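# Breakdown of the fold
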Amino acid sequence: MRCKTALFQVLNDPILRAAYDQQLALEAAQQHVFPSQTIRFDDMEEAGFTGDPGDPDMLWEYPCRCGGVYLLDDSTDITRGSVLLPCDTCSLNIEVSGF
Ligand SMILES: [Zn+2]
């Protein structure tokens, strides 16, 4: 009940309301990952194999500006659009578009 009253006060106060809205927008933005760069799958280079030796997946890599790499294996389906790949070293992401 006390919670409800506090929320009611926030929604009725224009300044508190603006701060509340801003916080919601910030949280939404943080949940959405923005790629630092968009590349084509053709830009990636072969990097060997991964997974089960009896049924290996081809591994592809693309260098990150931090010195790390973005890795993509064959099990990722990129034919239906694009995928986000995280760097193996830093917090950057790139978008790899399919064909
Ligand atoms: Zn990186």
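Cut-off values and rules
- Numbering of residues starts from 1 in each chain and follows the order in which that chain's sequence is written.
- Confidence filtering applies because this is a predicted model: local features only for residues at pLDDT of at least 70, side-chain atom pairs given and counted only at 80 or more, and all residues used for totals across whole chains, interfaces and linings.
- Pairing between two strands requires that DSSP report at least two bridges joining them.
- Numbering of helices and strands starts at the N terminus; helices are DSSP runs of H or I of at least 4 residues and strands are runs of E of at least 2.
- In this analysis an axis means a line fitted to C-alpha atoms, helices contributing only their contacting stretch, and an angle means the value between N-to-C directions, from 0 to 180 degrees.
- Domain boundaries shown here were taken from an automatic or database domain assignment.
- Only buried residues count toward a nonpolar core: Ala, Val, Leu, Ile, Met, Phe, Trp, Tyr and Cys, linked into one set through C-beta atoms within 7 Å.
- Three classes are used. A residue is buried when 20 or more other C-beta atoms lie within 10 Å of its own, exposed when 12 or fewer do, and partly exposed in between, with C-beta atoms placed from the backbone.

### Quick word on the sheet that holds strand β2 (residues 45-50)
Taking strand neighbours across the sheet as the criterion, the 3 strands line up as β2-β3-β4 in an open arrangement whose pairing is antiparallel. With one partner strand each, in any of the chains shown, β2 and β4 (69-73) form the two edges of the open sheet. Strand-to-strand twist in this sheet, taken as the mean axis angle between neighbours without regard to direction, amounts to 30°. Pairing between strand β3 (residues 57-63) and β4: 5 bridges, direction antiparallel. Bridge pairing links Leu 59 to Asp 73 in β4.

### Remarks on the sheet that holds strand β5 (residues 82-86)
Strand order in the open sheet made by the 3 strands is β1-β6-β5, with mixed pairing throughout. Bordering the open sheet on either side are β1 (37-40) and β5, each of which pairs with just one other strand. For this sheet the average axis-to-axis angle between neighbouring strands, irrespective of direction, equals 30°. Sheet topology places β5 next to strand β6 (residues 93-97); 5 bridges connect them, and they run antiparallel. Paired with Ser 82 across the two strands is Ser 97, which belongs to β6.

### Re the domain arrangement of the chain
Accessible area lost upon the coming together of the parts is a frequently used measure of interface size. As far as domains go, the chain holds domain 1 (2-31) and domain 2 (37-97). Here domain 1 and domain 2 have C-alpha centroids that lie 39 Å from each other.

### Side note on the nonpolar core
Judged by nonpolar contacts, Met 44, Trp 60, Cys 64, Tyr 70, Leu 72, Leu 85, Cys 87, Ile 94 and Val 96 together constitute the single largest core of 9 residues. Mapped onto this core, the elements with two or more residues apiece are β4 and β6.

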